[in-house]
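# Coordinates in review
Residues per chain are reported as follows:
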Amino acid sequence: MSESVLAQPEPRTRNPWMWVPSLYFAQGIPYVVVAMSVSVVMYKRLGVSNAEIAFYTSWLYLPWVIKPLWSPFVDLFRTKRWWTVTMQGLVGLTLAAVAFAIPLPNFFFQATLALFCLAAFSSATHDIAADGFYMLALPEHQQAAFVGVRSTFYRIAMITGEGLLVVLAGLIEKRTGRIPFAWSITFGVVAVLFLCLFAYHAWILPRPAADAPKTHSGSGGVSREFFRVFAKFFTKDRIVLTMAFLLLYRFAEAQLIKMIGPFLLDPPAKGGLGLTTQQFGFAKGTVGVAGLLCGGILGGVVISRHGLKRWLWPMVLSINLPGWIYILLAYTRPRNLAVISAAVGVEQFTYGFGFTAYMLYMIYVAEGEHKTAHYALCTGFMAMGMMLPGMLSGWMQQTLGGYQNFFIWVVISTIPCFVVSSLIRVPEDFGRRRSVPQAPLCTRCGYNLTGNVSGTCPECGTAVPAATKA
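Residues numbered from 1 in each chain as written. Predicted model: local features only at pLDDT ≥ 70, side-chain atom pairs only at ≥ 80, totals over all residues. Heavy atoms only, no water.

### Examining the overall build of the chain
Within the chain, the regular secondary structure consists of 21 helices and 0 strands. Counting contacts in the chain only where the partners sit at least 6 residues apart, residues at least 24 apart contribute 80% of the total. In the structure as shown, the chain presents an accessible area of about 20600 Å², 67% of it carried by carbon and sulfur atoms. (Helix = DSSP H or I, 4+ residues; strand = E, 2+ residues; numbered from the N terminus. Contact = heavy atoms within 4.5 Å. Areas by Shrake-Rupley, 256 points an atom, 1.4 Å probe, with all protein chains shown as cover.)

Dropping the structure here:
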């Protein structure tokens, strides 16, 4: 797919509201469908064992673990816009292939896993390109202004995946009694949605002048720079402790997240709560994601007021609370959907609140030269910290004799998180909002008018009062 095919001559700038929300919605959908819970629920409904589900779907985190290895190539070849749109088209076609593979009587598991793997690599590449495009297409003040929009629409993608898509599959299951058919139709719907996003972004994404392949003097220069950037990350102060924190902060949660779906869906005879697919979509994908969103927002607010150091330990306690909630559910086994949904909502709220500290710490570690590449490395360690414990969680659940003992093990697994959290160092005021002079902004597009003397906004051409240099 060539750059000329993707679009005709277009404006170098667009109103960010026309593309930022849809771009980050598109970024969230493949992650929640492939690596998070939707594939887990589908395989559970199709009769795959817990051990196989946990082991094989955990491997789907791998592209996000190793994406820093090919991120320089996205930077050096083609444009970020080309990579973004092309990967969206490839993800859409791959999800359509999954829809056709699900009804295969003998090979659906192998075929869908292979296609999910292709979608995961395409999605991880899309993440690299989309984040880079965002920074190139928007001036700094708009990048900051739209951070919340990015996060919100990424969470909306999670609600769409864990909530609406799973509910849709449950409704079709209930009406037809054909589980493979229900999931085939559901993946057909998400494939059509994604191909529509691909077509929309091929048309709407701007073509910023800064979005051009970087010049490089042969493969030798590229290789030397590539390894220099990576080596610099491992010379950071207390880097071994930093890597231990990135790998172990979510050690318990990485095991728990793979077994939440099977626990909620398994019948009481197997120790589960016996929810239908539709009820799971409501409890986990709607109430749960709403709780996750609220917890994340609150975490960001309190850190911006008081800094990460003050809120680190409340957040460490918060992210390790879900194991206790599932112990309570496993021993009491409530049958009321409202009670189960409320428990899942509280659990996701505490996780969202606690996860904020982890995200801010990654930003702190990435500070300095090569911030983008070093942040990508941090996210790779984050994905590895989810992948490795998650691979063994199904085997642990079966070996320990059921969900009750497994959730007790999850609580024990929180100990490494407490240990590494007690050892890291964070500056007193890191993450705290600082008061800055208010810059004059264009009332139409928000462009920073500091120093402008032309009488018109250079971004959109609107007539504005002349501004004096700050």
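### Re the packing of aromatic side chains
Under the definition given, this model contains 30 aromatic pairs. Aromatic side chains Y24 and Y134 sit 5.8 Å apart centroid to centroid with 85 degrees between the ring planes, which places their arrangement in the edge-to-face category. Of the two residues, Y24 sits in helix α2 (residues 20–35) while Y134 sits in helix α8 (residues 108–137), which places them 110 residues apart along the sequence. Each member of the pair, Y24 as well as Y134, carries the same accessibility label: buried. Taking the centre distance of 5.0 Å and the plane angle of 85 degrees together, the rings of Y43 and F109 count as edge-to-face. Placement of the pair is Y43 in helix α3 (residues 38–45) and F109 in helix α8, with a sequence separation of 66 residues. (Phe/Tyr/Trp six-rings, centres within 6.5 Å; stacked < 30°, edge-to-face > 60°. Buried < 20%, exposed > 50% of the residue type's maximum accessible area, 1.4 Å probe, protein only.)

### A short note on the packing of helix α14 (residues 251–265) against helix α17 (residues 322–332)
Running from N to C, α14 and α17 cross one another at 25 degrees; their axes reach a closest spacing of 12 Å. For the element pair α14 / α17, the angle class is roughly parallel. Considering how the two elements wind past one another, α14 and α17 form a crossing that is left-handed. Across the interface between the two elements, L256, I260 and F263 from α14 touch P322, G323, Y326, L329 and A330 from α17. Within the contact of α14 with α17, the residues separate by chemical class into 7 nonpolar, 1 polar and no charged. (Axes fitted to C-alpha atoms, helices over the stretch in contact; angles between N-to-C directions. Parallel < 35°, antiparallel > 145°, perpendicular 65-115°, else oblique. Left-handed = near helix turned anticlockwise from the far one by under 90°. Nonpolar A, V, L, I, M, F, W, Y, C, P; charged D, E, K, R; others polar.)

### Brief notes about helix α18 (residues 337–366)
The terminal C-alpha atoms of α18 lie 43 Å apart, and with 30 residues this matches the ideal 44 Å at 1.5 Å per residue to within 8%. You can read the cap of α18 off the contacts: a side-chain oxygen lies 2.8 Å from the backbone nitrogen of A338, and it is on N336. A positive backbone phi angle near 110 degrees is found at G368, which sits one or two residues after α18. (Expected span 1.5 Å × (residues − 1). Polar contact = N/O pair within 3.5 Å; in protein donor to acceptor, adjacent residues only side chain to side chain.)

### Regarding a nonpolar patch on the surface
Taken together, the side chains of Y331, I408, I412, I415, V419 and L423 make up a nonpolar region of the molecular surface, amounting to roughly 520 Å² of accessible area. For the nonpolar patch, the element with the most residues is helix α21 (residues 415–423), which contributes 3 residues. Among the secondary structure elements, L423 is positioned in helix α21. (Patch = residues over 30% accessible without salt bridge, like charges linked within 9 Å, V, L, I, M, F, W, Y side chains within 5 Å. Salt bridge = Lys/Arg side-chain N within 4 Å of Asp/Glu carboxyl O.)

### Quick notes on the side chain of S393
Mapped onto the elements of the fold, S393 is located in helix α19 (residues 371–399). The exposure class of S393 is buried, given its relative accessible area of 0%. With residues up to four places along the chain from it excluded, the contact list for S393 reads A54, Q255, K258, M259 and F406.

### Section: the side chain of T160
Relative to the helices and strands, T160 resides in helix α10 (residues 147–176). What T160 contacts, discounting residues up to four positions off in sequence, is F25, I29 and L165.

### Focus: the confidence of the model for the chain
For the chain, the mean per-residue pLDDT works out to 82, and 83% of the residues sit at or above 70. Note that pLDDT drops below 50 for residues 1–9; the model gives that stretch 21 contacts with residues more than four away or on any other chain. (pLDDT = per-residue confidence, 0-100.)

### Here's the deal with the packing of α2 against α8
Following both chains from N to C, one finds α2 and α8 inclined at 155 degrees, their axes separated by 10 Å at the closest point. It follows from the interaxial angle that α2 and α8 lie roughly antiparallel. In this structure, the crossing between α2 and α8 has a hand that is left-handed. Residues V20, L23, Y24, A26, Q27, P30, Y31 and V34 of α2 form the contact with α8, whose own contacting residues are F116, A119, A120, S123, H126, D127, A130, D131 and Y134. Split into classes, the residues belonging to the contact of α2 with α8 amount to 12 nonpolar, 3 polar and 2 charged.

### Comments concerning the pattern of salt bridges
Between side chains of opposite charge, a pair can form as their charged atoms come close. For the coordinates displayed, the defined rule picks out 3 salt bridges. A salt bridge links K44 to D266; its shortest N-O distance comes to 3.0 Å. With a gap of 222 residues between them, K44 in helix α3 and D266 in the loop between α14 and α15 (277–306) connect regions that are remote in the sequence. Across the pair, D266 and K44 agree in class, each one buried. Here R45 makes a salt bridge to E173, at a shortest N to O gap of 2.9 Å. Here R45 is found in helix α3, whereas its partner E173 is found in helix α10, with 128 residues between them in sequence.

### Section: unusual backbone geometry
In this structure, R238 takes a positive phi of about 55 degrees despite not being glycine. Mapped onto the secondary structure, R238 falls in the loop between α12 (218–233) and α13 (239–248). Here R238 falls in the partly exposed class, since its relative accessible area comes to 39%. Even without a glycine there, the phi angle at R333 is positive, about 45 degrees. Mapped onto the fold, R333 is located in the loop between α17 and α18.

### Comments concerning the environment of I156
Topologically, I156 is positioned in helix α10. I156 gets classed as partly exposed once you look at its relative accessible area, which sits at 31%. C-alpha separation for the pair I156 and A290, spaced 134 residues apart in sequence, amounts to 9.1 Å.

### Details of the environment of G163
Topologically, G163 is positioned in helix α10. Under the relative-accessibility criterion, G163 is labelled buried at 0%. On a C-alpha basis, the gap between G163 and F282 in space is 5.8 Å, while along the polypeptide they are 119 residues apart. In this structure, G163 is in contact with M158, G281, G285 and T286, ignoring residues within four places of it in sequence.

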